[in-house]
Amino acid sequence: MTKLKLDISVSADGYVAGPDPSMDDPLGKGGEQLHEWVVKLAAWRDPHGLEGGERTRDDEIVREHVSSIGATIMGRKMYSGGSGPWEDDPNAGGWWGDEPPFGHSIYVLTHHAREPVDKGDGVFYNFVTEGIEAALERAREQAGDKDIAIGGGADVAQQYLNADLVDEVQLHVAPVLLGSGTRLLDNLDPSRSVKLDRVVDSPDVTHIRYRVG
(Lines give C-alpha, C1' and ligand atoms only; values in the text may rest on other atoms or scores of the structure.)
Protein backbone atom coordinates (compact mmCIF):
# COMPACT_ATOMS: atom_id res chain seq x y z
CA MET A 1 0.00 0.00 0.00
CA THR A 2 1.29 3.47 -0.89
CA LYS A 3 2.58 5.38 2.13
CA LEU A 4 2.80 9.11 2.71
CA LYS A 5 6.23 9.87 4.19
CA LEU A 6 7.76 12.92 5.80
CA ASP A 7 11.55 12.73 5.53
CA ILE A 8 13.32 15.90 6.63
CA SER A 9 16.44 17.31 8.28
CA VAL A 10 15.94 19.11 11.56
CA SER A 11 18.18 20.83 14.09
CA ALA A 12 18.72 19.41 17.56
CA ASP A 13 16.38 22.13 18.87
CA GLY A 14 13.63 21.31 16.39
CA TYR A 15 14.00 23.78 13.53
CA VAL A 16 13.88 23.03 9.79
CA ALA A 17 15.00 26.55 8.83
CA GLY A 18 16.78 29.38 10.55
CA PRO A 19 15.53 32.94 11.09
CA ASP A 20 15.15 35.57 8.37
CA PRO A 21 14.78 33.41 5.22
CA SER A 22 15.15 35.27 1.93
CA MET A 23 15.55 34.59 -1.77
CA ASP A 24 19.31 34.66 -1.28
CA ASP A 25 19.17 32.54 1.86
CA PRO A 26 16.01 30.40 1.61
CA LEU A 27 16.80 28.30 4.68
CA GLY A 28 17.43 31.36 6.83
CA LYS A 29 20.46 32.16 8.91
CA GLY A 30 22.35 28.97 9.67
CA GLY A 31 19.80 26.77 7.94
CA GLU A 32 22.24 25.35 5.40
CA GLN A 33 23.99 23.56 8.27
CA LEU A 34 21.04 21.18 8.48
CA HIS A 35 21.98 19.65 5.13
CA GLU A 36 25.76 19.49 5.35
CA TRP A 37 25.54 15.78 6.18
CA VAL A 38 23.59 14.90 3.02
CA VAL A 39 25.20 17.01 0.29
CA LYS A 40 28.42 14.99 0.50
CA LEU A 41 26.67 11.66 -0.06
CA ALA A 42 26.60 9.82 -3.39
CA ALA A 43 22.82 9.30 -3.02
CA TRP A 44 22.35 13.07 -3.04
CA ARG A 45 25.04 13.92 -5.59
CA ASP A 46 23.94 11.38 -8.22
CA PRO A 47 20.50 12.92 -8.99
CA HIS A 48 22.02 16.40 -8.91
CA GLY A 49 24.41 15.45 -11.71
CA LEU A 50 27.49 15.50 -9.50
CA GLU A 51 30.21 12.88 -9.37
CA GLY A 52 31.64 11.12 -6.37
CA GLY A 53 30.27 11.24 -2.89
CA GLU A 54 30.52 9.13 0.23
CA ARG A 55 28.89 5.70 0.38
CA THR A 56 28.23 5.24 4.08
CA ARG A 57 25.31 4.09 6.22
CA ASP A 58 23.94 7.63 5.87
CA ASP A 59 24.11 7.18 2.10
CA GLU A 60 22.21 3.89 2.32
CA ILE A 61 19.42 5.51 4.34
CA VAL A 62 19.02 8.36 1.84
CA ARG A 63 19.11 5.97 -1.10
CA GLU A 64 16.50 3.74 0.59
CA HIS A 65 14.12 6.68 0.89
CA VAL A 66 14.73 8.17 -2.55
CA SER A 67 14.24 4.84 -4.31
CA SER A 68 10.86 4.33 -2.60
CA ILE A 69 9.29 7.61 -3.78
CA GLY A 70 7.08 7.95 -6.85
CA ALA A 71 5.70 11.48 -6.27
CA THR A 72 6.36 14.46 -3.99
CA ILE A 73 4.03 17.04 -2.45
CA MET A 74 5.40 20.40 -1.35
CA GLY A 75 4.24 23.87 -0.43
CA ARG A 76 4.66 27.06 -2.42
CA LYS A 77 7.44 28.30 -0.14
CA MET A 78 9.35 25.07 -0.60
CA TYR A 79 8.93 25.28 -4.36
CA SER A 80 9.89 28.90 -5.01
CA GLY A 81 9.99 30.90 -1.78
CA GLY A 82 7.36 33.21 -3.24
CA SER A 83 3.71 34.01 -2.65
CA GLY A 84 0.86 35.73 -4.41
CA PRO A 85 0.21 35.65 -8.18
CA TRP A 86 2.76 33.68 -10.16
CA GLU A 87 3.55 36.61 -12.44
CA ASP A 88 4.87 38.46 -9.37
CA ASP A 89 7.07 35.57 -8.19
CA PRO A 90 10.73 36.24 -9.05
CA ASN A 91 11.46 32.53 -8.71
CA ALA A 92 8.38 31.13 -10.45
CA GLY A 93 10.46 28.42 -12.13
CA GLY A 94 11.40 26.92 -8.78
CA TRP A 95 14.74 26.44 -7.04
CA TRP A 96 15.97 23.55 -9.18
CA GLY A 97 16.38 25.09 -12.63
CA ASP A 98 15.99 23.16 -15.87
CA GLU A 99 17.11 19.79 -14.51
CA PRO A 100 15.34 19.11 -11.19
CA PRO A 101 16.73 16.10 -9.33
CA PHE A 102 13.48 14.35 -8.44
CA GLY A 103 12.91 11.80 -11.20
CA HIS A 104 9.13 11.98 -10.64
CA SER A 105 6.29 14.50 -10.61
CA ILE A 106 5.85 17.22 -7.99
CA TYR A 107 2.54 18.52 -6.63
CA VAL A 108 2.81 22.09 -5.37
CA LEU A 109 0.14 23.33 -2.96
CA THR A 110 -0.79 26.89 -3.85
CA HIS A 111 -3.69 29.37 -3.78
CA HIS A 112 -2.89 30.50 -7.32
CA ALA A 113 -3.79 28.34 -10.32
CA ARG A 114 -1.19 27.57 -12.94
CA GLU A 115 -0.79 25.13 -15.83
CA PRO A 116 1.53 22.15 -15.26
CA VAL A 117 5.17 22.58 -16.25
CA ASP A 118 6.95 19.71 -18.02
CA LYS A 119 10.62 19.57 -17.01
CA GLY A 120 11.38 16.39 -18.95
CA ASP A 121 12.55 12.97 -17.74
CA GLY A 122 9.15 12.31 -16.17
CA VAL A 123 9.19 15.42 -13.98
CA PHE A 124 6.08 17.59 -14.06
CA TYR A 125 5.36 20.45 -11.70
CA ASN A 126 1.63 20.28 -10.97
CA PHE A 127 0.00 23.18 -9.10
CA VAL A 128 -2.86 22.15 -6.81
CA THR A 129 -5.32 24.74 -5.49
CA GLU A 130 -7.90 22.34 -4.01
CA GLY A 131 -6.04 21.52 -0.79
CA ILE A 132 -3.96 18.78 0.77
CA GLU A 133 -6.31 15.86 0.16
CA ALA A 134 -6.66 16.68 -3.53
CA ALA A 135 -2.88 16.88 -3.86
CA LEU A 136 -2.52 13.52 -2.14
CA GLU A 137 -5.12 11.90 -4.38
CA ARG A 138 -3.37 13.12 -7.51
CA ALA A 139 0.03 12.09 -6.16
CA ARG A 140 -1.27 8.57 -5.44
CA GLU A 141 -2.37 8.22 -9.05
CA GLN A 142 1.13 9.19 -10.19
CA ALA A 143 3.11 7.17 -7.64
CA GLY A 144 1.68 3.77 -8.61
CA ASP A 145 3.12 1.15 -6.26
CA LYS A 146 5.69 3.57 -4.83
CA ASP A 147 5.34 5.93 -1.89
CA ILE A 148 4.72 9.69 -1.70
CA ALA A 149 7.02 12.19 -0.01
CA ILE A 150 6.09 15.41 1.74
CA GLY A 151 8.88 17.67 0.53
CA GLY A 152 8.11 20.51 2.96
CA GLY A 153 7.88 22.94 4.41
CA ALA A 154 6.85 22.76 8.04
CA ASP A 155 3.34 24.15 7.51
CA VAL A 156 2.51 21.52 4.88
CA ALA A 157 3.92 18.77 7.10
CA GLN A 158 1.78 19.96 10.02
CA GLN A 159 -1.35 20.04 7.86
CA TYR A 160 -0.89 16.44 6.76
CA LEU A 161 -0.02 15.26 10.27
CA ASN A 162 -3.08 16.95 11.76
CA ALA A 163 -5.26 15.42 9.05
CA ASP A 164 -3.96 11.97 10.10
CA LEU A 165 -2.71 11.26 6.58
CA VAL A 166 1.00 10.63 7.28
CA ASP A 167 2.20 7.05 7.64
CA GLU A 168 5.87 7.54 8.40
CA VAL A 169 8.14 10.32 9.70
CA GLN A 170 11.91 10.13 9.39
CA LEU A 171 13.86 12.92 11.05
CA HIS A 172 17.53 13.47 10.27
CA VAL A 173 18.67 15.28 13.40
CA ALA A 174 21.77 17.36 12.73
CA PRO A 175 24.00 18.36 15.65
CA VAL A 176 23.12 22.01 15.12
CA LEU A 177 21.38 24.57 17.36
CA LEU A 178 19.58 27.31 15.41
CA GLY A 179 17.86 29.00 18.35
CA SER A 180 15.00 30.35 16.27
CA GLY A 181 13.42 30.05 12.86
CA THR A 182 10.78 27.62 11.60
CA ARG A 183 9.91 24.77 13.93
CA LEU A 184 8.81 21.49 12.40
CA LEU A 185 6.44 20.16 15.03
CA ASP A 186 4.49 23.20 16.19
CA ASN A 187 0.69 23.41 16.02
CA LEU A 188 0.11 19.66 16.15
CA ASP A 189 -3.00 17.90 17.41
CA PRO A 190 -1.85 16.27 20.70
CA SER A 191 -4.13 13.29 20.04
CA ARG A 192 -1.78 12.15 17.25
CA SER A 193 0.58 9.36 18.24
CA VAL A 194 3.86 8.02 16.88
CA LYS A 195 5.79 4.81 17.49
CA LEU A 196 9.56 4.65 17.33
CA ASP A 197 10.59 2.33 14.50
CA ARG A 198 14.34 2.82 13.98
CA VAL A 199 17.30 4.87 15.18
CA VAL A 200 20.57 4.99 13.26
CA ASP A 201 23.39 7.15 14.57
CA SER A 202 26.47 8.42 12.75
CA PRO A 203 29.09 11.09 13.48
CA ASP A 204 27.22 13.63 11.32
CA VAL A 205 23.52 12.97 11.93
CA THR A 206 21.02 10.80 13.80
CA HIS A 207 18.24 9.20 11.74
CA ILE A 208 15.03 8.62 13.73
CA ARG A 209 12.09 6.91 12.02
CA TYR A 210 8.58 6.81 13.45
CA ARG A 211 5.40 5.06 12.41
CA VAL A 212 2.43 7.38 12.74
CA GLY A 213 -0.90 6.38 14.23
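Everything below is about the structure printed above this text.
Reading the values: rules and limits
Residues numbered from 1 in each chain as written. Predicted model: local features only at pLDDT ≥ 70, side-chain atom pairs only at ≥ 80, totals over all residues. Heavy atoms only, no water. Helix = DSSP H or I, 4+ residues; strand = E, 2+ residues; numbered from the N terminus. Buried < 20%, exposed > 50% of the residue type's maximum accessible area, 1.4 Å probe, protein only. Phe/Tyr/Trp six-rings, centres within 6.5 Å; stacked < 30°, edge-to-face > 60°. Expected span 1.5 Å × (residues − 1). Polar contact = N/O pair within 3.5 Å; in protein donor to acceptor, adjacent residues only side chain to side chain. Pairing = 2+ DSSP bridges. Salt bridge = Lys/Arg side-chain N within 4 Å of Asp/Glu carboxyl O. Contact = heavy atoms within 4.5 Å.

The subject of this paragraph is the environment of Asp121. Note that Asp121 resides in the loop between strand 5 (117-120) and strand 6 (123-128). Asp121 sits in the exposed class, given a relative accessible area of 79%. Each C-alpha atom, one on Asp121 and one on Ala143, is 15 Å from the other, the two residues being 22 residues apart in sequence.

Let's shift gears to unusual backbone geometry. For the peptide bond that leads from Gly152 to Gly153, omega is 0°, which places it in the cis range. Backbone geometry at Asp164 places phi at a positive 60°, although glycine is not the residue there. As for its placement among the helices and strands, Asp164 is situated in the loop between helix 6 (154-162) and strand 8 (168-174). Judged by its relative accessible area of 45%, Asp164 is partly exposed. Phi at Asn187 takes a positive value of approximately 60°, unusual for a residue other than glycine. In this structure, Asn187 sits in the loop between strand 9 (182-183) and strand 10 (194-201).

Here we take up the packing of aromatic side chains. The geometry of two aromatic rings is summed up by the distance between their centres and the angle between their planes. Taken as a whole, this structure holds five aromatic pairs when the rule is applied. Note on Tyr79 and Trp86: the rings are 5.8 Å apart at their centroids and 80° apart in plane angle, and the pair reads as edge-to-face. Centre to centre, the rings of Tyr79 and Tyr125 are 5.0 Å apart; their planes meet at 80°, and the pair counts as edge-to-face. Of this pair, Tyr79 sits in helix 4 (residues 76-79) while Tyr125 sits in strand 6; the two residues are 46 residues apart in sequence, bridging distant segments of the chain. Residue class for Tyr79 comes out buried when judged on its relative accessible area of 0%. Under the relative-accessibility criterion, Tyr125 is labelled buried at 0%.

Its twelve residues give helix 3 (residues 57-68) an end-to-end C-alpha distance of 17 Å, which sits within 8% of 16 Å, the value for a rise of 1.5 Å per residue. The backbone nitrogen of Asp58 has a side-chain oxygen 3.3 Å away, supplied by the residue at the start of helix 3, namely Thr56.

Moving on to the pairing of strand 11 (residues 206-212). Note that strand 8 and strand 11 share six bridges and pair antiparallel. Bridging from a neighbouring strand, Val173 pairs with Thr206 of strand 11. Of the strand pairs in this sheet, strand 10 and strand 11 are connected by seven bridges, and their pairing is antiparallel. Bridge pairing in strand 11 links Val194 to Val212. Counting the residues that bridge the hairpin from strand 10 to strand 11 gives four residues.

Within this structure, the stated rule accounts for 16 salt bridges. Arg55 is the partner of Asp46 in a salt bridge, and the nearest nitrogen-oxygen pair spans 4.0 Å. Residue classification places Asp46 among the partly exposed residues on the basis of a relative accessible area of 37%. Classification of Arg55 by relative accessible area gives exposed; the value is 60%.

Residue position: His172 is located in strand 8. Given the relative accessible area of 3%, His172 is considered buried. Apart from the residues lying within four places of it in its own chain, the contact partners of His172 are Asp7, Ile8, Ser9, Val10, Trp37, Ile61, Val205, Thr206 and His207.

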